[in-house]
Amino acid sequence: MRICVPLSAMLLAASCCLAVEVGERSVEGQRYLFLRSETLEALLSPERGGQVVSLVHLGTGAQVGNAGSLDNGLFSDHGLKQPHPGELMAAPYEAQVLPPAADGSSTIRLSYLAQGGWRNETLPSLKDMLYEKWYTLLPQAPVLRCRVKVTNQGQEDKLVDYWSQCIAHVGPGAGRNYYFRPATTGLSVISSDGFTARAQFVTEPTAGWSAAVNRRSRLGLVYLVDYNYLARCYNCNIAFTQEFMYERVPLPPRKSWETLIQVRVIEGFDSGTHASERLVADTQVTQGTESLQVTHRLCAWDGPLANVRLATALRDVATQTAKVAPVIALPRLGLDTVTETVEFDATEGG
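Residues numbered from 1 in each chain as written. Predicted model: local features only at pLDDT ≥ 70, side-chain atom pairs only at ≥ 80, totals over all residues. Heavy atoms only, no water.

Student: Give me the sheet that holds strand β5 (residues 51–57): which residues, what numbers.
Tutor: An order of β2-β3-β4-β5-β6 is seen for the five strands of this open sheet, with the pairing classed as antiparallel. On the outer flanks of this sheet lie β2 (21–27) and β6 (62–63), each paired with one strand and no other. Both strand β4 (residues 40–45) and β5 contribute to a ladder of six bridges, which runs antiparallel. Counted as the bridge partner of Leu 44 is Val 52 from β5. (Pairing = 2+ DSSP bridges. Helix = DSSP H or I, 4+ residues; strand = E, 2+ residues; numbered from the N terminus.)

Right, dumping it as structure tokens:
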């Protein structure tokens, strides 16, 4: 494993209190790179496919970036043409630490030129495909970004069939992981120990987000992916995975395809109904005999939002009339979770 760490980058990171720390670490004789911010510490393994094999939420000390070992974790590369685990999952990636950015974030670049070999066979469609990943950790927001670029270094046209796998048991203890995936049939919700094989796939996603929440610790991971290329989502529940499988994209020689995957740690959520590059939100409805209560939970994605307004309406399907609650105005929505509740005095009529 060849690692290039510019001295200027290390000095700049050390001189700025808001900069993300970056460096090298040895664990049980294995060499890793790490990114450490105010909220998260990510441990990367260049020799294990450039995966993030550990992601620790520093506020709670919770390990949210693997399922119990440093063998596997977040952002494992795969191709749909090869059976799991494929050539890329444990391939030796080249690593380079880039200079810190002006906003204090730090980035590590990893790359690997695929040989196409797996199980005594050579797959021409994978051979000479250059896989690059840039991991960027923000200084204050609990967000880790993974930009992926695939370049056809061969002489013939090829198809990119990218597949990203994340293995993570969210939060401490043995509480279930609940997975939330938006689909054409509504919000698909499954748990890590109550599922059917068919329910693990979402073949018609309607948005580029997915969430895994531990309802006991109220800690979770929310992923954002490029919906324009997303073909389907998959959760291998017993292995605690969230996986994103992309459309096949034609790639002529020397041309590239890129995508961005982000993951954010959330606190105080036990479910999820929306996520974007602006905010994460959840809406829960509790119906009593005389009233109906609507609870909103939300937080900004990676930076504060100004003048957020929550409008809640209870609509009668039969008469198409609505009861409208007073608008909740939030002058500032920050990175911490905010809970707001509105109540309707009656629910008769449907």
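Student: Break down the environment of Arg 31 for me, citing the residues and quoting the values.
Tutor: Inspection of the secondary structure assignment puts Arg 31 in strand β3 (residues 30–36). In this structure, the C-alpha to C-alpha distance between Arg 31 and Trp 301, residues 270 residues apart in sequence, is 32 Å. Within polar-contact distance, the side chain of Arg 31 engages the side chain of Glu 24 at 2.8 Å. (Polar contact = N/O pair within 3.5 Å; in protein donor to acceptor, adjacent residues only side chain to side chain.)

Student: Can you explain the side chain of Gln 165? Please cite residues and give values.
Tutor: With respect to the element layout, Gln 165 can be found in strand β15 (residues 162–167). Owing to a relative accessible area of 5%, Gln 165 belongs among the buried residues under this scheme. Looking at Gln 165, its side chain comes within polar contact range of the side chain of Glu 243, at 3.3 Å. In contact with Gln 165, other than residues within four places in its own chain, are Gly 73, Leu 74, Phe 75, Ser 76, His 78, His 84, Met 89, Thr 241, Gln 242 and Glu 243. (Buried < 20%, exposed > 50% of the residue type's maximum accessible area, 1.4 Å probe, protein only. Contact = heavy atoms within 4.5 Å.)

Student: Lay out the environment of Asp 282 with the relevant residues and their values.
Tutor: If you trace the backbone, Asp 282 turns up in strand β26 (residues 279–287). C-alpha of Asp 282 to C-alpha of Tyr 229: the two residues are 53 residues apart in sequence and 25 Å apart in space. Every residue in contact with Asp 282, bar those within four places of it in the chain, is listed here: Phe 269, Asp 270, Ser 271, Gly 272, Thr 273, Thr 295, His 296 and Arg 297. Separated by 3.0 Å, the side chains of Asp 282 and Gln 284 make a polar contact.

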